[in-house]
Amino acid sequence: MAATLAVALFLAVAALAFAFAQRQQLEGSITEAARGQAADIGAQVAEGGAGAGLTTGAGDQSLVQIVDAAGNVLAASPSVEGEPPVVDARPEPGTTTTVRSRALPIGEGEEFVVVAQGVSGPDGPVVVLVAQSLELVGQSTAVVVNLLLIGYPVVLLGVALTSYWLAGRALAPVEAIRSRVAQVQGTSELDARVPVPEGDDEIARLAVTMNAMLARLKTGSDRQRRFVGDASHELRSPLATIRAAHEIAALHPESRDWTATSSDVLAELDRLDRLVADLLLLARADEHGLKLRSVDVDLDDLLTHEADRLRKLGPLSVTVAAPPVRIHGDPVQLARLLRNLADNAARHGETHVDLSLQIRGSSIEVAVEDDGPGIPEADRERVFERFVRLDESRARVSGGTGLGLAIAREISVAHGGSLRAEAGAQGARFVLTLPYEEHETGAVGSHAIQ
């Protein structure tokens, strides 16, 4: 309908312009013919007087008059013989005037174009009046208008039918996409794909985009399902331990060591609290992203603090190499990131853990390396997925929940950085990269001196 309306408006304007141009062209041709006739008669009058050549071009729809300066008709074509001058125009010799009139004695009120040419003849100045009827112009314009009125609705009907058919064919793939998507009723049907039409037009790209979106939804749904299952399993484990401890104590209260029972229950509650906190952080990150409090942070102090903490936890040898560096970031989240990396290294390291910090151009690189069994190359990206534990090195008894590295990567991305796993000299090596502005070093230096 929109295409038909647009064509209707365009054709209406074009038809009016065509009819007007055709009428103007015909009127111009008739006017030029009258001018030529007046010039011919004027040349004859200038040589032979007022009675020469008046029949040139005269007929039922044209007339010629020769009028003197006093307004007397000296000669006239037969159709207006004895009639007064048809117009009052009296141009000077050598000049021409063109007027229109409907008050001519012939043509029954038809419009005429009258050319008045001033001529200097043997008997003095005279005016040659040549009138040509515009009846042919009106008739030709009427024929054109009638043809346009007949063809206009026919053309519009053809445009409407053609547009409807073409639009239907063009939108048929869209309807197929819509109907296929409408059949997707739930997350269990997200493996469905819409048909992709041939070609590389907008509709084909829309179908490809829809399939990519369905694939992302399927992946997200599967990840969420696994996440819920793993989370419920992780939450059930400490709850089951707490329940078992209390049931055993209730059955044998006289032989139960309540101090040990209380210690076990508190340890499981601490584990449960950490797990819930980690789940809430990841849920917020998935929903709105991590909200950071950006302030100046002495990254070297955070790294040194983690090294001191690891030394107090066990017999591992911990080395740290951290020159003074200050960056913009959230100190709480950055400390949590470094703690997760340090705890991961402490769980898997056998004798020592190395912490290092280096400035590399416009970035800061923090490396945490242990001498444990390492991470196979195929698993170096998978370890950042939630609840993922490698078979031997990440068993539940070692204390990991499978969320520490996932949280560490979320924090690094929120700060505009990255976190990757790679092979170390002996075991695993995790490399944290954060953006860095060079002027921050001076601030750190002055802070360290104080």
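Before reading further, recall that the structure is shown in the block above.
So, here's what we can say about the structure.

Conventions used here
- Residues numbered from 1 in each chain as written.
- Predicted model: local features only at pLDDT ≥ 70, side-chain atom pairs only at ≥ 80, totals over all residues.
- Heavy atoms only, no water.
- Helix = DSSP H or I, 4+ residues; strand = E, 2+ residues; numbered from the N terminus.
- Polar contact = N/O pair within 3.5 Å; in protein donor to acceptor, adjacent residues only side chain to side chain.
- Contact = heavy atoms within 4.5 Å.
- Pairing = 2+ DSSP bridges.
- Axes fitted to C-alpha atoms, helices over the stretch in contact; angles between N-to-C directions.
- Buried < 20%, exposed > 50% of the residue type's maximum accessible area, 1.4 Å probe, protein only.
- Left-handed = near helix turned anticlockwise from the far one by under 90°.
- Nonpolar A, V, L, I, M, F, W, Y, C, P; charged D, E, K, R; others polar.
- Core = buried A, V, L, I, M, F, W, Y, C linked by side-chain atoms within 4.5 Å.
- Expected span 1.5 Å × (residues − 1).
- Phe/Tyr/Trp six-rings, centres within 6.5 Å; stacked < 30°, edge-to-face > 60°.
- Lys NZ or Arg CZ within 6 Å of the ring centre and 35° of its normal.

Moving on: the side chain of E27. Summarising the element assignment, E27 is placed in helix 1 (residues 2–48). Among the polar contacts listed, one links the side chain of E27 to the side chain of R100, at a separation of 2.3 Å. In this structure, E27 is in contact with R100, L134 and V137, ignoring residues within four places of it in sequence.

Another point: the sheet that holds strand 7 (residues 317–321). Note on sheets: strands pair through backbone hydrogen bonds, and any given pair is parallel or antiparallel. The five strands are arranged 7-9-10-12-11 in an open sheet whose pairing can be described as mixed. With one partner strand each, in any of the chains shown, strand 7 and strand 11 (418–423) form the two edges of the open sheet. Averaged over neighbouring strand pairs, the angle between their axes works out to 15° when direction is ignored. As judged from the eight bridges shared by strand 9 (residues 352–360) and strand 10 (residues 363–370), these two strands associate in the antiparallel manner. Paired with L355 across the bridge in strand 10 is V368. Each of strand 7, strand 9, strand 10 and strand 12 (428–435) touches helix 5 (residues 299–313); the most contacted strand, strand 9, lies at about 175° to it.

Burial runs high along strand 4 (residues 112–121): nine of the ten residues are buried. Pairing of strand 3 (residues 96–101) with strand 4, which is carried by six bridges, proceeds in the antiparallel orientation. Among the inter-strand pairings, T96 is bridged to a residue of strand 4, identified as Q117. Here strand 4 runs beside strand 5 (residues 124–133); their pairing, made up of ten bridges, is antiparallel.

It is worth spelling out the packing of helix 5 against helix 6 (residues 331–348) at this point. The axes of two packed helices give the description: the angle between them and the distance between them. In the contact formed by helix 5 and helix 6, the axes pass within 10 Å of each other and the chain directions differ by 35°. Here the hand of the crossing between helix 5 and helix 6 comes out right-handed. For the pair helix 5 and helix 6, contact is made by L299, L302, L303, H305, E306, R309 and L310 and by P331, L334, A335, L338, R339, A342, D343 and A346, respectively. Across the contact of helix 5 with helix 6, the residue classes break down as ten nonpolar, one polar and four charged.

One broad trend across soluble globular proteins is that nonpolar side chains are buried collectively. Ranked by internal contacts, the top residues of the largest apolar core, which has 45 residues, are L299, I327, L338, L341, I364, V366 and F430. Per-element tally for this core: the top contributor is helix 6, with six residues. With 14 residues, the next largest nonpolar core counts V86, F112, A116 and L129 among its residues.

Attention shifts here to helix 1. Relative to the 69 Å expected for 47 residues at 1.5 Å per residue, helix 1 spans 69 Å between its end C-alpha atoms, a close match to the ideal helical length. Just downstream of helix 1 lies G49, where phi reads positive at about 100°.

Counting buried positions over the eight residues of strand 10 gives eight, a clear majority of the element. Side chains of strand 10 alternate between two faces, with S363, E365, A367 and E369 and I364, V366, V368 and D370 buried alike. Hairpin remark: strand 9 followed by strand 10, antiparallel, with two residues in the connecting loop; positive phi at G361, about 65°.

A few words now on the packing of aromatic side chains. For the structure on display, the rule yields one aromatic pair. When the ring of F384 is compared with that of F430, the centres are 6.0 Å apart and the planes differ by 85°; the resulting orientation is edge-to-face. Here F384, found in the loop between strand 10 and helix 7 (404–414), pairs with F430, found in strand 12; they are 46 residues apart in sequence, far enough to count as distant. Neither residue differs from the other here; F384 and F430 are each classed as buried. One Lys or Arg, R409, reaches over the ring of F384 and ends 3.9 Å from the middle of that ring.

Residue position: L272 is located in helix 4 (residues 258–288). Residues L272 and P238, spaced 34 residues apart in sequence, show a C-alpha to C-alpha distance of 6.4 Å. When neighbours within four sequence positions are excluded, L272 is seen to be in contact with L235, P238 and L239.

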